[in-house]
Amino acid sequence: MNVKKKLGFIGAGNMAEALARGLVENKVFKASELIASDVDAARRHKFKGALKIEVTTDNLTVLNSSRAVLFAVKPQTIDAVLTELARAGGEGEGHGGSPKDGLGSKLFVSIAAGVTLGRLEGALGGRAHVIRVMPNAPAMVGQGMAALVRGRNATRADEAFALKIFRAVGDAVALKDEALLDTVTALSGSGPAYVYLFAKALADAAAALGLPPELALRMALKTIRGAEENMRRSPMTAAELIRIVASPGGTTEAALKQLGADSFSDIVARAVHAAAERSRQLGRVS
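Since we're looking at a predicted model, the values are computed, not measured. (Residues numbered from 1 in each chain as written. Predicted model: local features only at pLDDT ≥ 70, side-chain atom pairs only at ≥ 80, totals over all residues. Heavy atoms only, no water.)

**Concerning the overall build of the chain**
Turning to step 1, where the next piece is worked out: When you go through the chain residue by residue, the secondary structure sums to 12 helices and eight strands.
Turning to step 2, where the next piece is worked out: Along the first, second and third principal axes, the C-alpha set of the chain runs to 70 × 45 × 35 Å.
Turning to step 3, where the next piece is worked out: With 286 residues in all, the chain has 40% of them scored as buried.
Turning to step 4, where the next piece is worked out: Pairs at least 24 residues apart make up 63% of the contacts formed inside the chain by residues separated by at least 6 positions.
Turning to step 5, where the next piece is worked out: With the model as given, the accessible surface of the chain reaches about 15,900 Å², and the carbon-plus-sulfur share is 58%. (Helix = DSSP H or I, 4+ residues; strand = E, 2+ residues; numbered from the N terminus. Buried < 20%, exposed > 50% of the residue type's maximum accessible area, 1.4 Å probe, protein only. Contact = heavy atoms within 4.5 Å. Areas by Shrake-Rupley, 256 points an atom, 1.4 Å probe, with all protein chains shown as cover.)

Structure, rendered in structure tokens:
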């Protein structure tokens with residue numbers, strides 16, 4: 001088999017597009033080193049037209065022409081994809097439930113939410129190298145945060161390869177315990193929605209006090225961005241930074257007292273716990 005592509009995408013949706021764009025624009029890979037399959041003609045057209053990446057309707061073409069395959073399909077679709085690839089490679093469970101080894105040592109990277117390493121390895125079987133990743137939506141603007149976990153056969157080189165992919169659209173870290181991906185899901189996976197909600201609440205409150213809504217949102221977003229930048233660059237802790245802003249008897253102190261009275265930190269903690277628990281439930285269902 002003549003393998004020419006460094007990475008193949010099965011699924012060419014928004015996240016796959018963001019990853020491919022980041023890889024090409026940051027010169028991690030050339031467009032000619034990538035390939036993508038999708039059943040949607042519009043998505044294939046986007047990849048080929050805007051990114052100059054080879055496209056196909058055939059998942060097996062991606063499998064056979066790529067050194068590594070990235071699953072960027074929805075969780076409800078991935079079983080059909082795994083079955084197709086396993087059959088083509090002679091993988092899956094053989095007689096007596098033992099895995100066969102037709103897919104060799106190819107690397108498979110999955111961003112399908114809730115789809116465990118066990119489920120992926122059970123389908124791909126044998127010697128397949130598998131890495132599970134939890135990315136997040138800001139990857140689509142180059143500010144993503146991803147966490148990944150290696151399967152039992154994946155190597156440090158595989159891990160480094162996967163980290164390189166996701167660092168092209170932000171930051172990425174490797175974890176050793178797959179169970180921690182439920183916490184990652186609750187923090188960085190769902191976290192953007194919490195920030196959107198907080199920004200909206202800030203802007204709505206300011207609009208209710210007389211600021212034009214568009215200006216209120218603009219100021220809220222810039223405040224969040226500036227605070228994030230300051231917190232990331234500063235050697236001080238969050239508590240120390242808060243103290244600098246919250247002068248005794250001042251406006252910030254008044255606001256923080258109200259947030260404390262309303263158990264703001266507890267509300268956030270309960271939200272994160274709820275998201276983590278739901279992630280665990282979805283993993284058990286899958």
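Still to come is the rest of the account.
**What to know about the packing of aromatic side chains**
Turning to step 1, where the next piece is worked out: Inspection of the entire model under this criterion finds four aromatic pairs.
Turning to step 2, where the next piece is worked out: Summarising the aromatic geometry, the rings of F71 and F108 are spaced 5.7 Å apart at their centres and angled 10° between planes, so their arrangement reads as stacked. Placement of F71 in strand β4 (residues 68-71) and of F108 in strand β5 (residues 107-110) is noted, with a sequence separation of 37 residues between them. With respect to class, F71 is no different from F108; both count as buried. (Phe/Tyr/Trp six-rings, centres within 6.5 Å; stacked < 30°, edge-to-face > 60°.)

**Description of the pattern of salt bridges**
Turning to step 1, where the next piece is worked out: Using the criterion set out here, one finds 15 salt bridges in the structure.
Turning to step 2, where the next piece is worked out: A salt bridge links E54 to K5; its shortest N-O distance comes to 3.1 Å. One end of the pair, E54, is in strand β3 (residues 54-56); the other, K5, is in the segment before β1 (7-10), with 49 residues separating them in the sequence.
Turning to step 3, where the next piece is worked out: A relative accessible area of 41% places E54 in the partly exposed class.
Turning to step 4, where the next piece is worked out: Close ionic contact of R132 with E178 constitutes a salt bridge, the shortest N to O distance being 2.8 Å. Within this pair, whereas R132 is found in strand β6 (residues 129-134), its partner E178 is found in the loop between β8 (170-175) and α7 (180-189), the two being separated by 46 residues in sequence. (Salt bridge = Lys/Arg side-chain N within 4 Å of Asp/Glu carboxyl O.)

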